[in-house]
Amino acid sequence: MSSSGKPPVITIDGPTASGKGTVAQHVARALGWSVLDSGALYRLSALACLDANVAAADEAAVANLARGLDVRFDGARIILSGLDVTERIRAEGVGNLASQIAALGAVRLALLDRQRAFRRAPGLVADGRDMGTVVFPDASLKVFLVADVAARAERRCKQLKEKGISANLANLMHDLEERDARDRTRANAPLVAAVDAYTLDSSNLSIDATVNAVLDLWSKSVS
Ligand code: DC
């Protein structure tokens, strides 16, 4: 338990394609904790908008969809209204729309309790943009994971090609920069390191080395 009497939380925030999702999964597995991929909730809301033909500018309608999402996390699979959308939500178009609707205050509010409900014993690793600043400000350990834009674009390019999706490095870099700028400069819960976060630069680190660095920070914080 944390000092608040609630199960402990490790937050991993950072920009798009910084590797935080993979790192969060590995850290959670090593500790035997649950994991929250908060970006998936924004992506699911974006997909629900596309499917229901709701425009990103209609804040109240988007927030309603976000609040009413019928979603089930079934291991690594994500089920929305009975359909497996695990792959669909990872499309670049869905990510871009997710970044647009994530700027809307009513949408963020609609997803807040759903995110906090993931906190259960023995602990939670939560990844996103505002995990340490807004959703779990009392987290036991806060990590801000960064990587330079070239390293992130290369990783994203490799991931897409492995899935058989064609990708262009220059376009990806441009998209990442655009999405980062929107996530960092929005008025509601912008992407920013919490004052008490440790910033970790993974540009030249493997996944394993990054995971070990987070686990190290965690052991030091509890010893
Ligand atoms: O982490 P991701 O790429 O799956 O997130 C998709 C978008 O969702 C991202 O561009 C910004 C938004 N997001 C957010 O605003 N707050 C979060 N906690 C997680 C994601």
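Here, every reference points to the structure presented above.
A short tour of the structure in this document, coming up. (Residues numbered from 1 in each chain as written. Predicted model: local features only at pLDDT ≥ 70, side-chain atom pairs only at ≥ 80, totals over all residues. Heavy atoms only, no water.)

1. Re the pairing of strand 2 (residues 34–37)
Burial along strand 2 is one-sided: S34 and L36 are buried, and none of V35 and D37, which face the opposite way, are. Pairing analysis gives four bridges linking strand 2 to strand 6 (residues 124–128), with the strands arranged parallel. Residue S34 lies in a different strand from strand 6, and its bridge partner there is L124. (Buried < 20%, exposed > 50% of the residue type's maximum accessible area, 1.4 Å probe, protein only. Helix = DSSP H or I, 4+ residues; strand = E, 2+ residues; numbered from the N terminus. Pairing = 2+ DSSP bridges.)

2. A look at the layout of surface pockets
Once rolled over the atoms, a probe with the size of a water molecule shows which space is left empty. In this structure, the second largest pocket encloses a volume near 170 Å³. Looking at the second largest pocket, it is lined by 13 residues, and the ones nearest its centre are R90, A91, E92, L160 and I165. The biggest single contributor to the lining of the second largest pocket is helix 8 (residues 169–185), with three residues. Residues that form the lining of the second largest pocket fall into these classes: five nonpolar, three polar and five charged. (1 Å grid on protein atoms, 1.4 Å probe; cavity = no way out; pocket = protein on both sides within 12 Å on 5 of 7 lines; lining within 4 Å. Points joined across faces, edges and corners; volume = space filled by probe spheres on them. Nonpolar A, V, L, I, M, F, W, Y, C, P; charged D, E, K, R; others polar.)

3. Quick word on the sheet that holds strand 7 (residues 141–146)
Strand order in this open sheet of five strands is 2-6-1-7-8, and the pairing throughout is parallel. For this open sheet the edge positions go to strand 2 and strand 8 (198–201), each flanked by a neighbour on one side alone. When strand polarity is set aside, the average angle formed by the axes of neighbouring strands in this sheet is 20 degrees. Against the sheet, helix 9 (residues 207–222) makes contact with strand 1 (9–13), strand 7 and strand 8, and its axis sits at roughly 155 degrees relative to strand 7, the strand it touches most. (Axes fitted to C-alpha atoms, helices over the stretch in contact; angles between N-to-C directions. Contact = heavy atoms within 4.5 Å.)

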